Amino acid sequence: GLANQIIGTGLPNTVNSLIINNSGAFGNNIVLVDRNVNIQSDLSILQGTLDLQTFSANNTTSSGTMDISPNAYLRIGGNNDILTSINNYSNYIIDTDSYIEFYGNTGNTQVITELPINLINGLGNVILSNGGTKIAESPLLIKGNLINYNPSILNVSRIDALQVRKNVINESAIHNQGILEIGN
């Protein structure tokens, strides 16, 4: 589409594949999920933003590919993390120039390092926003930038928990009790 959309009742609860290809202008290209969606094969975010809110788009068959193209966005809210939101795909292709935003609100805690076991090549750009606490407690490679917007709080609670290949752009608090490695 060319504008914001809500999946609504037109999309069944279980689909073979889900392709997000919203070419609207930035901020007017969001596909909002209003319930859990079970995916039997592939989840592809080609253009625009897939906003899962507090829901999931997990694979039900332990097959298929989950991919995020350059400049495409995945947004995860509430207490959810990648493991609870996009789990059980056999392959993950997350482009270095893609974005995953964790936007849990004040009172929410999101563990940004909880990943499916076969998501092994790291994430692209990671955005931390809204008032919740974001925790890095196990190794995570961010191939792009890490952006921490106010009032989000990042807590790095383990040595070698976070490796950022590009830049850390911080407008809020980072509580570093481990090592935050920046650059190649």
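Please read these numbers as outputs of a predicted model, since none were measured by experiment. (Residues numbered from 1 in each chain as written. Predicted model: local features only at pLDDT ≥ 70, side-chain atom pairs only at ≥ 80, totals over all residues. Heavy atoms only, no water.)

Asks: Looking at this structure, I do not really get the packing of aromatic side chains. What am I missing?
Replies: The geometry of an aromatic ring pair comes down to the distance between the two centres and the angle between the two planes. One pass over the structure, following the stated rule, counts three aromatic pairs. With a centroid separation of 5.5 Å and an interplanar angle of 55°, the aromatic rings of Phe26 and Tyr73 are classed as tilted. Here Phe26, found in the loop between strand 3 (18–21) and strand 4 (30–32), pairs with Tyr73, found in strand 9 (residues 73–76); they are 47 residues apart in sequence, far enough to count as distant. Accessibility expressed as a relative area gives 14% for Tyr73, which makes it buried. Taken together, Phe26, Tyr73 and Tyr99 form an aromatic cluster joined through their ring pairs. It is Arg75 that lies over the ring of Tyr103; its NZ or CZ is 3.8 Å from the centre. (Phe/Tyr/Trp six-rings, centres within 6.5 Å; stacked < 30°, edge-to-face > 60°. Helix = DSSP H or I, 4+ residues; strand = E, 2+ residues; numbered from the N terminus. Buried < 20%, exposed > 50% of the residue type's maximum accessible area, 1.4 Å probe, protein only. Lys NZ or Arg CZ within 6 Å of the ring centre and 35° of its normal.)

Asks: Would you explain the pairing of strand 13 (residues 125–128) in this entry?
Replies: Every regular strand shows the same layout, with side chains that alternate between the two sheet faces. Here strand 13 shows two buried faces, one formed by Asn125 and Ile127 and the other by Val126 and Leu128. The sheet contact formed by strand 11 (residues 99–102) and strand 13 spans four bridges and is parallel. Looking at strand 13, one finds that Glu101 is bridged to Ile127. Where strand 13 meets strand 16 (residues 146–148), three bridges bridge the pair, whose relative direction is parallel. Pairing of Ile127 across the sheet is with Ile147, part of strand 16. (Pairing = 2+ DSSP bridges.)

Asks: Hey, could you run me through the sheet that holds strand 6 (residues 43–47) in this one?
Replies: Hydrogen bonds between backbone atoms are what pair the strands of a sheet, whose relative direction is either parallel or antiparallel. An order of 3-6-8-10 is seen for the four strands of this open sheet, with the pairing classed as parallel. Each edge of the open sheet is held by one strand with a lone partner, namely strand 3 and strand 10 (91–94). Strand-to-strand twist in this sheet, taken as the mean axis angle between neighbours without regard to direction, amounts to 10°. Of the strand pairs in this sheet, strand 8 (residues 65–68) and strand 10 are connected by four bridges, and their pairing is parallel. Directly across from Met66, in strand 10, lies its bridge partner Tyr92. (Axes fitted to C-alpha atoms, helices over the stretch in contact; angles between N-to-C directions.)

Asks: What am I meant to see in the environment of Gln47 here?
Replies: Structurally, Gln47 is set in strand 6. In this structure Gln47 comes out as partly exposed when scored by relative accessible area, which is 36%. A C-alpha to C-alpha distance of 8.1 Å links Gln47 and Pro70, two positions 23 residues apart in sequence. At 2.6 Å, the side chain of Gln47 forms a polar contact with the side chain of Asn21. (Polar contact = N/O pair within 3.5 Å; in protein donor to acceptor, adjacent residues only side chain to side chain.)

Asks: Is there a simple way to explain the sheet that holds strand 18 (residues 162–164) in this structure?
Replies: If you walk across this open sheet you meet the three strands as 15-18-21, and the pairing is parallel. Looking at strand neighbours, the two that pair on one side only are strand 15 (140–142) and strand 21 (180–182), the edges of this open sheet. If you compare each strand with its neighbour and ignore which way they point, the axes differ by 15° on average. As defined by bridge partners, strand 18 adjoins strand 21 across three bridges and the pair is classed as parallel. The residue of strand 21 that forms the bridge with Gln163 is Glu181.

Asks: Explain the pattern of salt bridges here, please?
Replies: Opposite charge on two side chains lets them pair, provided their charged atoms get close. All told, the structure shown has four salt bridges when counted by the stated rule. We note a salt bridge from Lys166 to Asp97, for which the minimum N-O separation is 3.7 Å. With a gap of 69 residues between them, Lys166 in the loop between strand 18 and strand 19 (168–170) and Asp97 in the loop between strand 10 and strand 11 connect regions that are remote in the sequence. (Salt bridge = Lys/Arg side-chain N within 4 Å of Asp/Glu carboxyl O.)

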